[in-house]
Amino acid sequence: MTDAADMKNFTYKDPNEPVEARVKDLLSRMTLQEKIGQMTQIEHSVATPSAIRDLFIGSILSAGGGGPFERAPSSAWADMIDGFQKAALQSRLGIPLIYGTDAVHGNNNVYGATVFPHNVGLGATRDAELSRRIGEATALEARASGAQYTFAPCVAVCKDPRWGRCYESYSEKTEIVRKMTSIVTGLQGQPPEGHPRGYPFIAGRKNVVACAKHFVGDGGTEGGVNEGNTVASYDELEKIHMAPYLDCISRGVCTVMASYSSWNGTQLHAHHFLLTQVLKERLGFKGFIISDSQALDRLSHPFGSNYGNCVLLAVNSGIDMVMVPLRYKLFVKELTYLVESGKIPISRIDDAVERILRVKFVSGLFEYPLTDRSLLDMVGCKPHRELAREAVRKSLVLLKNGRDLKKPFLPLNRNAERILVAGTHVDNLGFQCGGWTSTWMGDTGRITIGTTILEAVKAAVGEKTEVVYEERPSADTIASQDICYAIVAVGEGPYAETLGDNSELTIPFDGSELVSSIADKVPTLMILISGRPLVLEPPLLEKIEGLVAAWLPGSEGQGITDVIFGDYEFEGRLPVTWFRSVDQLPVHVGENKDPLFPFGFGLTGKNEKLSD
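Residues numbered from 1 in each chain as written. Predicted model: local features only at pLDDT ≥ 70, side-chain atom pairs only at ≥ 80, totals over all residues. Heavy atoms only, no water.

Right, let's get into the overall build of the protein chain. The number of helices and strands found in the protein chain is 21 helices and 17 strands. In terms of overall size, the protein chain behaves like a compact globule, its C-alpha atoms giving a radius of gyration of 25 Å where 612 residues would be expected to give roughly 25 Å. Expressed along its principal axes, the backbone C-alpha trace of the protein chain runs to roughly 85 × 50 × 45 Å. When each of the 612 residues of the protein chain is scored for burial, the buried share is 64%. Long-range contacts, defined as pairs at least 24 residues apart, comprise 77% of the intrachain contacts of the protein chain with a sequence gap of at least 6. Accessible area for the protein chain stands at about 21800 Å²; split by element, carbon and sulfur atoms hold 50% of it. (Helix = DSSP H or I, 4+ residues; strand = E, 2+ residues; numbered from the N terminus. Rg over C-alpha atoms; globule rule 2.2 N^0.38 Å. Buried < 20%, exposed > 50% of the residue type's maximum accessible area, 1.4 Å probe, protein only. Contact = heavy atoms within 4.5 Å. Areas by Shrake-Rupley, 256 points an atom, 1.4 Å probe, with all protein chains shown as cover.)

Moving on: the sheet that holds strand β2 (residues 59-62). Strands sit in the order β4-β3-β2-β1-β11 across an open sheet of 5 strands; the sheet is parallel. On the outer flanks of this sheet lie β4 (149-150) and β11 (322-323), each paired with one strand and no other. Relative to β4, strand β3 (residues 98-101) is paired through 2 bridges, and the arrangement is parallel. Within β4, the residue paired with Gly100 across the bridge is Tyr149. (Pairing = 2+ DSSP bridges.)

Here we take up helix α7 (residues 128-144). The end-to-end C-alpha distance of α7, which contains 17 residues, comes to 25 Å, matching closely the 24 Å that a straight helix rising 1.5 Å per residue would cover. The element α7 is largely enclosed, with a buried count of 12 among its 17 residues. Those residues of α7 that fall on the buried side of the exposure criterion are Leu130, Ser131, Ile134, Gly135, Ala137, Thr138, Ala139, Leu140, Glu141, Ala142, Arg143 and Ala144. Elements that come into contact with the buried residues of α7 comprise α5 (74-89), α6 (119-125), α8 (174-180), α9 (182-188) and α15 (382-395). Immediately beyond the C-terminal end of α7, within one or two residues, lies Gly146, with a positive phi of roughly 105°. (Expected span 1.5 Å × (residues − 1).)

To continue, consider the sheet that holds strand β15 (residues 485-491). Strand order across the open sheet formed by 6 strands is β12-β17-β16-β15-β13-β14, with mixed pairing between neighbours. Of all the strands in the sheet, the pair left with one neighbour each is β12 (397-401) and β14 (466-469). Taken over all neighbouring pairs, the strand axes of this sheet differ in orientation by 20° on average, direction set aside. Inspection of the sheet shows strand β13 (residues 418-422) paired to β14 by 4 bridges, in the parallel sense. Looking at β14, one finds that Ile419 is bridged to Val467. Taken strand by strand, helix α17 (residues 453-460) contacts β13, β14, β15 and β16 (524-529), and its axis lies near 165° from that of β14. (Axes fitted to C-alpha atoms, helices over the stretch in contact; angles between N-to-C directions.)

Note on placement: Gln33 falls in helix α3 (residues 32-38). Judged by relative accessible area, Gln33 falls into the partly exposed class, the value being 31%. When the C-alpha positions of Gln33 and Val397 are compared, they lie 54 Å apart, and in sequence the two are 364 residues distant. If sequence neighbours within four positions are ignored, Gln33 has contacts with Leu55, Phe56, Val332 and Thr336.

Applying the stated criterion across every chain yields a total of 14 aromatic pairs. Ring plane angle 10° and centroid distance 6.3 Å describe the contact between Phe84 and Tyr99, whose orientation is recorded as stacked. Residue Phe84 is found in helix α5, and its partner Tyr99 is found in strand β3; the two are separated by 15 residues along the sequence. A single burial state applies to Phe84 and to Tyr99, both of which are buried. Judged by centre distance (6.1 Å) and plane angle (45°), the rings of Trp551 and Trp578 are tilted. Note that Trp551 is positioned in strand β17 (residues 546-551) and Trp578 in the segment after α21 (558-564), a separation of 27 residues in sequence. Taken together through their ring pairs, the aromatic side chains of Phe10, Tyr12, Phe361 and Phe366 make up a single cluster. (Phe/Tyr/Trp six-rings, centres within 6.5 Å; stacked < 30°, edge-to-face > 60°.)

Moving on, we get to the state of the cysteines. Simply put, disulfide is the name for a covalent bond between the sulfur atoms of two cysteines. Under the defined criterion, the tally for this structure stands at 0 disulfides. Looking at Cys211, it has no disulfide partner, and the nearest cysteine sulfur is the one in Cys248, 9.6 Å off. Owing to a relative accessible area of 0%, Cys211 belongs among the buried residues under this scheme. Looking at the unpaired Cys254, the closest cysteine sulfur is the one in Cys211, lying at 10 Å. (Disulfide = S-S within 2.5 Å.)

To continue, consider the packing of helix α2 (residues 19-29) against helix α14 (residues 346-362). Close contact between α2 and α14 brings their axes to 9 Å; oriented N to C, the two are set at 130°. When the interaxial angle is binned, α2 and α14 end up oblique. The two elements α2 and α14 meet at a crossing, and its hand is right-handed. Residues Val19, Glu20, Arg22, Val23, Leu26 and Leu27 of α2 touch α14, and the partners they reach there are Asp350, Val353, Glu354, Leu357, Arg358, Phe361 and Val362. In terms of residue class, the contact of α2 with α14 is made up of 8 nonpolar, no polar and 5 charged. (Parallel < 35°, antiparallel > 145°, perpendicular 65-115°, else oblique. Left-handed = near helix turned anticlockwise from the far one by under 90°. Nonpolar A, V, L, I, M, F, W, Y, C, P; charged D, E, K, R; others polar.)

Moving on to the nonpolar core. Among the nonpolar cores identified, the biggest contains 120 residues, and Leu274 and Leu335 are the most heavily contacted of them. It is α14 that provides the largest number of residues to this core, a total of 8 residues. If sequence neighbours within four positions are ignored, Leu274 has contacts with Phe215, Val216, Tyr234, Leu237, Met242, Trp263, Leu268 and Leu279. Counting residues in each nonpolar core, the second largest holds 76 residues, with Ile419, Ile483, Leu528 and Val535 among its members. (Core = buried A, V, L, I, M, F, W, Y, C linked by side-chain atoms within 4.5 Å.)

Any link to function would need more than the numbers given here.
Quick look at the structure:
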């Protein structure tokens, strides 16, 4: 056993040594078990101090938002993560953990964190600088909670709104997704001039390790089926779906996550050509490739069977770190056997561990393994909430504004005598935030700190304006002669991944019927809260005076009232084509299919068409 005094003189312990020298030195000192431990990412619920210390676990994650306890603040997260880290530092070589979380629209798992609009809304802004600033704020709030690694951004190009992850995609158009990869620079920092292409970069302790996902073609599956099969030539795959990864790599992205999906029938987690020959060799990516959660279990049928062969396929194909996340003892056992039997060469293990250590050294984990508690004041701070509010404003797409183009319905009169505010989504923060908020699937109600549309309306209107709120107004209320107009918010409930796949795409909770019943009697602004275009029947469109696509705006509902009452102009343009009926799907920009609203459509308050 090497004593602590000797270890201080090791090259890998010296922050003044070049990263590659430190990687080489540490790798040379590691046993096979220590190397395999670094390749293992486990869920926090199964992480024990002894497992971390004795199996040399390299990474822990909070799967699906799991924290130390319900509604835990950032300080409690930091306590939990630092506890795990201290156990890792007690291992023989003292290699720190890297802790991962799904901070995909802000540090959305943590109670009280700022929740930004989901990516589809940001795609409507076309604002790369806004995306960068959101990345910067997200990094600060994530680091305040102790996490050094976020599984973001999703750079999928969504080709079908039936896909349950449509809202995680910035756009159906590759060019817009490429533009919004600026969030990587926000999360990780700006690499200096001359930084080697493909080499991971982290600016400092206020930044997080980012993860471009899901490599590759996840948004192009047939029928929009999650984890499905993308049928495309290599040229199509490269031009449409791979292009955003080139931008992420040029920005120094540290990690890439493989996709659950398949390309022309071969699962990505077992695709040596795409993972190794293309991503690592041709594109020159020097960070590490991580699997998706339980992705190896999906390489065999039934799920989880023949696990040793699944490990063999994935690791030999180029997966460096495996998000196990629960059966870690079995994973370690199977991988150890595969290496000792020669089925996985030690050179493949060394390549994986070299990449993982490179990211850990670049990110400063060896020097600063524990949480910087001075960042706690940044969580949900006013500047971050103002940034989220700005993002909401810029993401709103005005699809209809008055029955007569010459007589716009918006902006609304904030000094009207009496207004009706209604709908399933007008006072529901959980619905407003969508999936990947607080939990994997999201939830209903006041799941975090924020402002609902109803609260924003009450704050925005004049002192003498009476706001009548009924989620589902009675016939008497609707028939009241003195209501000047109605604001009705309807849309989708929260969902994530496969449970969000939807072949019908109608407005849930009888949303169309609710809006229609009100619009029969009262001039109505319909606000649609959704992660994608939904069916809008002609009779409904004819009845309503105004229609705003608000996507999944997050915690700052005032961003909506800022625009509908005229303090700010509408700027958002559709990031996806709005189909006329599901029979048209898939329908894309440039196709002659007569969509309801074309890609890029959006109106100003004066009914002028915005343009790209």
